[in-house]
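# Residue-level structural notes
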Amino acid sequence: MSNEAASGEQQPWQKIFLIGYRACGKSAVGRQLAAELDWRYLDCDRELSRRAGCSISDLVAHAGWEEFRARERQLLSELLPRRELVVATGGGAVLHQELWPALRRSGLVVWLTAEPATITRRLAADPLSQSQRPALTEQGLLAEITTVLDQRQPLYQQAAHLRIATDQLAPPAIVEEIIAHLTATAADDI
């Protein structure tokens, strides 16, 4: 992964995908970034919940993870041609490895990271976390986060153009960093 766009990819960026584990700031950053750019904003988990007519937890409980992932894959595919859009993906969206080369070509992919202790603290402080975010393993929260991050880190790294650690940054600072990257990338293309 590099902080610069891979050669041959469309410039300037017309879409931004925010990837990363739960509670790394994708939704908060995505809303603010879309407002700053005057683009549309889409939270994949909220859109999937809207389409299913229930929470992600209920969807997974009734239809299973395989059905949820199939719906997630379909939604990501639908986003390929869209422009002027900021997308907050679900934490497991990188599991759809076959889609990421096309998603990378269609927009800037920003990986928001945080340490397991930070994620644990954020999830514990979120009153909606338990009802909206189903457990991924039968481990305790910190152990689950560490295990899943270890599994997904190579996928996040492979998908991302830019990585930003969010542990010590508030959403406005993250938005500023992404916009600075967009501006620098656009200037490189002139």
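Scroll up for the structure.
As the structure is a prediction and not an experimental result, all values here were calculated from the model.

What counts, and at which threshold
- Residues numbered from 1 in each chain as written.
- Predicted model: local features only at pLDDT ≥ 70, side-chain atom pairs only at ≥ 80, totals over all residues.
- Heavy atoms only, no water.
- Helix = DSSP H or I, 4+ residues; strand = E, 2+ residues; numbered from the N terminus.
- Buried < 20%, exposed > 50% of the residue type's maximum accessible area, 1.4 Å probe, protein only.
- Polar contact = N/O pair within 3.5 Å; in protein donor to acceptor, adjacent residues only side chain to side chain.
- 1 Å grid on protein atoms, 1.4 Å probe; cavity = no way out; pocket = protein on both sides within 12 Å on 5 of 7 lines; lining within 4 Å.
- Points joined across faces, edges and corners; volume = space filled by probe spheres on them.
- Nonpolar A, V, L, I, M, F, W, Y, C, P; charged D, E, K, R; others polar.
- Phe/Tyr/Trp six-rings, centres within 6.5 Å; stacked < 30°, edge-to-face > 60°.
- Lys NZ or Arg CZ within 6 Å of the ring centre and 35° of its normal.

### Here's the deal with the environment of Glu47
Of note, Glu47 is situated in helix 2 (residues 44–52). Under the relative-accessibility criterion, Glu47 is labelled buried at 12%. Engagement of the side chain of Glu47 in a polar contact is seen with the side chain of Arg50, the distance being 2.6 Å.

### Observations regarding unusual backbone geometry
Phi is positive for Asp38, which is not a glycine, with a value near 60 degrees. Here Asp38 lies in the loop between helix 1 (26–37) and strand 2 (40–43). With a phi angle near 50 degrees, Glu84 is a residue other than glycine that sits in the positive phi range. With respect to the helices, strands and loops of the structure, Glu84 is situated in the loop between helix 4 (65–79) and strand 3 (85–88). What makes Glu84 partly exposed here is its relative accessible area of 40%.

### Considering the layout of surface pockets
Approximately 240 Å³ is the volume found for the second largest pocket. Ala114, Glu115, Leu149, Gln153 and Arg163 are, among the 18 residues lining the second largest pocket, the residues nearest its centre. Elements with a minimum of two residues in the lining of the second largest pocket: strand 4 (108–113), helix 6 (116–125), helix 8 (141–159) and strand 5 (162–165). Per element, the largest residue contribution to the lining of the second largest pocket is five residues, and it comes from helix 8. Tallied by class, residues from the lining of the second largest pocket come to ten nonpolar, four polar and four charged.

### Remarks on the packing of aromatic side chains
Summed over the entire model, instances satisfying the criterion amount to three aromatic pairs. Look at Trp65 and Phe68: their rings are 5.7 Å apart centre to centre, the planes differ by 85 degrees, and that puts the pair in the edge-to-face class. Of this pair, Trp65 and Phe68 both sit in helix 4, three residues apart, roughly one helical turn. Its relative accessible area of 28% is what places Trp65 among the partly exposed residues. Looking at Arg163, its charged tip hangs above the ring of Trp111, at a distance of 4.4 Å from the centre.

By themselves, these figures tell us nothing about what the structure is for.
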